[in-house]
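Letter by letter, the chains look like this.
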Amino acid sequence: MNEETMTPATSGMTVSQGMKDDLLTTAKWMKFLCIIGCIGAAIMVIIGIAMVALGTTIGGLAGSAGSTVGGAFLGVLYLAMSALYIYPIIKGFQFASATKAACLSDNEAQLARGFTSLSAMVKFFGILTIVILVFYVLALLGAGALFAGMSMVK
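Since the model is a prediction, treat every value here as computed from it, not as a measurement.

Criteria and thresholds
Residues numbered from 1 in each chain as written. Predicted model: local features only at pLDDT ≥ 70, side-chain atom pairs only at ≥ 80, totals over all residues. Heavy atoms only, no water. Helix = DSSP H or I, 4+ residues; strand = E, 2+ residues; numbered from the N terminus. Buried < 20%, exposed > 50% of the residue type's maximum accessible area, 1.4 Å probe, protein only. Contact = heavy atoms within 4.5 Å. Areas by Shrake-Rupley, 256 points an atom, 1.4 Å probe, with all protein chains shown as cover. Core = buried A, V, L, I, M, F, W, Y, C linked by side-chain atoms within 4.5 Å. Phe/Tyr/Trp six-rings, centres within 6.5 Å; stacked < 30°, edge-to-face > 60°. Patch = residues over 30% accessible without salt bridge, like charges linked within 9 Å, V, L, I, M, F, W, Y side chains within 5 Å. Salt bridge = Lys/Arg side-chain N within 4 Å of Asp/Glu carboxyl O. Disulfide = S-S within 2.5 Å.

A.B. asks: Tell me about the overall build of the protein chain, and name the residues and values.
C.D. replies: Tallying secondary structure elements over the protein chain gives 3 helices and 0 strands in all. The secondary structure elements of the protein chain, listed N-terminal to C-terminal, are α-α-α. Burial statistics for the protein chain: of 154 residues in total, 24% are counted as buried. The contacts of the protein chain with a sequence gap of at least 6 include a subset with a gap of at least 24, amounting to 60%. Total accessible area on the protein chain stands at roughly 10200 Å², and carbon and sulfur atoms take up 76% of it.

A.B. asks: Just give me the short version of the nonpolar core, but keep the residues and values in it.
C.D. replies: Grouped together as the largest cluster of nonpolar side chains are 7 residues: A27, M30, C34, I89, F95, A96 and M121. What A96 contacts, discounting residues up to four positions off in sequence, is A27, M30 and K31. Ranked by size, the runner-up nonpolar core spans 6 residues in total, among them L23, L24, A102 and C103.

A.B. asks: Go over the packing of aromatic side chains, please, and point to the residues and values.
C.D. replies: In the structure shown here, the tally under the stated rule is 5 aromatic pairs. Plain terms: the ring middles of Y87 and F124 are 5.4 Å apart, the flat faces sit at 50° to each other, and that makes the pair tilted. Of the two residues, Y87 sits in helix α2 (residues 65–105) while F124 sits in helix α3 (residues 108–153), which places them 37 residues apart along the sequence. Judged by relative accessible area, Y87 falls into the partly exposed class, the value being 37%. Here the aromatic rings of F135 and Y136 are separated by 6.4 Å at their centres, their planes lie at 50°, and the arrangement is tilted. The class of F135 is exposed, set by a relative accessible area of 55%. Three or more aromatic residues link up through ring pairs in this structure, and these residues are Y87, F124 and F125.

A.B. asks: Before we move on, could you go through a nonpolar patch on the surface and cite the residues and values that matter?
C.D. replies: The grouping of W29, F32, L33, I35, I36, I39, I43 and I47 at the surface amounts to a nonpolar patch, some 760 Å² of accessible area in total. Position of I35 relative to the elements: it lies in helix α1 (residues 17–62). I35 gets classed as partly exposed once you look at its relative accessible area, which sits at 38%.

A.B. asks: So what about the state of the cysteines? Which residues, and what values?
C.D. replies: Here, disulfide denotes a covalent bond that connects the sulfur atoms of two cysteines. Applying the stated criterion to the full structure yields 0 disulfides. Here C34 stays unpaired: no disulfide links it, and the sulfur of C38, its closest cysteine neighbor, is 6.9 Å away. The partly exposed category is assigned to C38, whose relative accessible area is 36%.

So yeah, pure geometry; function would need other evidence.
Below is the structure:
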């Protein structure tokens, strides 16, 4: 195996050809996942717009304000979720392109840029996970309080 390496001046770390091959494979898969993410985000935008438009139309025909608000709320929720996807998709594309360029040209600065993008993407998903977990805990506490209140009324 060819042991051609990228050697950073400060840390003494080397990247072997096998590591480069693994990084290139990872970059290709990341690019694929980001393309799928773009398609998914576009579908979510289309669904969100359709829910807002159709929710208003169907609610107006049925004479129900509740279905109008519900459709519009769900549509806006879909649009917000698709907007959340944009940042990690961009960071994923940045990781893929910088890592590929670094491995093909033995450019340490590009590799560092790629890992910075990967780190930002993983940090985003970590923070998003914490926010969702807090939301779940609050929802469970709210549901528990609601059931406790309902049992007190009887």
